[in-house]
Amino acid sequence: MVEEAKNMLNDLDNISINCQSSIKINDGLIIYFDPYDIKEKVNNADYIFITNPHYDHFDLDSINNLVNKRTIIIGPTSVIEKLNSNYKNLEVTPNNIYSLDNISFLSVPAYNIDKDYHFKDVGYIVTLNNITYYIVEDTDVLDALKVIKADAILLPVGETYTMTRKEAVGLANTIKPKYVIPIHYGLAVGDELDDKYFVNNIDKEIKSKIFY
């Protein structure tokens, strides 16, 4: 597979995380997921994926610093209804495959089972240059997530609004990606103890990377 996708692009050097769940992947296309607290006006986004309408995932100031004439914003109904007609957008629902000009992706359910924070949100599975990325985002551990296959997964460990760090370890060990990156801690809830617990308890054959 193209030299194992060029050694997973040098240990995922194509990924950067600003904070919380604010993710950027630069792999031919420049893709942002839930951009938050982006201060610099770069206007370089090809696609912006939003998972839910909460302030730390849907930040219009950050979006305005990233969009340009070609940018398409992708999100569930709760997000799209907050955008005005100046934005190109694609409304998505869980469990569907979508194709745009130069990218295809799967929308994945994301919601709480016994908490009242997230209902009809989405995660995303995106494949770029033979690497499949699963951005899990704000969700509890659902049965539908346990059968997903991906090379790299980015999943929440901050607890309270999402799965617990222990549950995140269990999901990572079930999916068994090549790489896993903990996110969604250090802002409203969670801290570096959560990411340390996570990376110390996942299966040894899974590589991990901490960004903040």
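Quantities reported herein were computed from a predicted structural model and do not represent experimental measurements.

A.B. asks: Just checking my understanding: could you explain the packing of helix α4 (residues 165-175) against helix α5 (residues 192-201) for this structure?
C.D. replies: Each pair of packed helices can be summarised by the angle the axes make with each other and by the distance between the axes. Where α4 contacts α5, the two axes come as close as 9 Å, and the packing angle between them is 35°. Crossing angle aside, the handedness with which α4 passes α5 is right-handed. Across the interface between the two elements, Arg-165, Lys-166, Ala-168, Val-169, Ala-172 and Asn-173 of α4 pack against Leu-193, Asp-194, Tyr-197, Phe-198 and Asn-201 of α5. Classifying every residue of the contact of α4 with α5 gives 6 nonpolar, 2 polar and 3 charged.

A.B. asks: I keep staring at the side chain of Thr-71 and nothing clicks. Help me out?
C.D. replies: Here Thr-71 lies in the loop between α2 (60-64) and β5 (72-75). Thr-71 sits in the buried class, given a relative accessible area of 3%. Discounting residues that sit within four places of it in the chain, Thr-71 has contacts with Ala-45, Asp-46, Ile-48, Leu-66 and Lys-88.

A.B. asks: Could you clarify how one ought to interpret the sheet that holds strand β1 (residues 15-17) in this entry?
C.D. replies: The strands making up a sheet are joined through hydrogen bonds of the backbone, oriented either antiparallel or parallel. As summarised here, the arrangement of the 6 strands in space is β1-β2-β3-β4-β5-β6, forming an open sheet in which the pairing is mixed. Across the chains shown, the open sheet's two edge strands, defined by having one partner strand only, are β1 and β6 (88-91). Within this sheet the neighbouring strands show an average axis-to-axis angle of 20°, counted without direction. Pairing analysis gives 5 bridges linking strand β2 (residues 23-27) to strand β3 (residues 29-33), with the strands arranged antiparallel. Bridging across to β3, Lys-24 finds its partner in Tyr-32.

A.B. asks: When you look at α5 in this model, what are you seeing that I'm missing?
C.D. replies: Three- or four-residue spacings in an α-helix give side chains the same orientation, since the helix completes a turn every 3.6 residues. When α5 is considered as a whole, its buried residues turn out to be Asp-194, Asp-195 and Phe-198. In a view along the axis of α5, the buried residues occupy a sector of 95°, so they form one face of it. Away from its buried face, by an angle of more than 90 degrees, α5 presents the exposed residues Leu-193 and Asn-200. Close packing links the buried residues of α5 with β11 (152-156), α4 and β12 (179-183).

A.B. asks: Sorry, what's going on with the pattern of salt bridges here?
C.D. replies: Where charged atoms from two side chains of opposite charge approach closely, those side chains can pair. In the structure shown here, the tally under the stated rule is 6 salt bridges. Measuring nitrogen to oxygen at the nearest pair gives 3.3 Å for the salt bridge that ties Asp-13 to Lys-209. Of this pair, Asp-13 sits in the loop between α1 (2-12) and β1 while Lys-209 sits in the segment after β13 (207-208); the two residues are 196 residues apart in sequence, bridging distant segments of the chain. For Asp-13, a relative accessible area of 55% translates into the label exposed. As a salt-bridge pair, Asp-151 and Lys-178 come within 2.8 Å of each other at their nearest N and O atoms. In this pair, Asp-151 is assigned in the loop between β10 (131-135) and β11 and Lys-178 in the loop between α4 and β12, connecting sequence segments 27 residues apart.

A.B. asks: When you look at the packing of aromatic side chains in this model, what are you seeing that I'm missing?
C.D. replies: Any aromatic ring pair is given by two values, namely how distant the centres are and how the planes are angled relative to each other. Under the definition given, this model contains 7 aromatic pairs. When the centroid spacing of 4.9 Å and the interplanar angle of 20° are considered together, the rings of Phe-33 and Phe-49 count as stacked. Here the residue Phe-33 occupies a position in strand β3, and Phe-49 occupies one in strand β4 (residues 47-49), the gap between them amounting to 16 residues. Like Phe-49, Phe-33 is buried. Measuring from ring centre to ring centre gives 5.0 Å for Phe-49 and Phe-105, while their planes differ by 85°; the resulting arrangement is edge-to-face. On the criterion of sequence distance, the pair formed by Phe-49 in strand β4 and Phe-105 in strand β8 (residues 104-110) is long-range, its members being 56 residues apart. In this pair, the class of Phe-49 matches that of Phe-105, namely buried. Members of the aromatic cluster, each reached through a chain of ring pairs, are Phe-33, Phe-49, Tyr-98, Phe-105 and Tyr-124. The ring of Tyr-197 has Arg-165 sitting right over it, with the charged end atom 4.4 Å from the ring centre.

Basis of the calculations
Residues numbered from 1 in each chain as written. Predicted model: local features only at pLDDT ≥ 70, side-chain atom pairs only at ≥ 80, totals over all residues. Heavy atoms only, no water. Axes fitted to C-alpha atoms, helices over the stretch in contact; angles between N-to-C directions. Helix = DSSP H or I, 4+ residues; strand = E, 2+ residues; numbered from the N terminus. Left-handed = near helix turned anticlockwise from the far one by under 90°. Contact = heavy atoms within 4.5 Å. Nonpolar A, V, L, I, M, F, W, Y, C, P; charged D, E, K, R; others polar. Buried < 20%, exposed > 50% of the residue type's maximum accessible area, 1.4 Å probe, protein only. Pairing = 2+ DSSP bridges. Arc of directions from axis to C-beta. Salt bridge = Lys/Arg side-chain N within 4 Å of Asp/Glu carboxyl O. Phe/Tyr/Trp six-rings, centres within 6.5 Å; stacked < 30°, edge-to-face > 60°. Lys NZ or Arg CZ within 6 Å of the ring centre and 35° of its normal.

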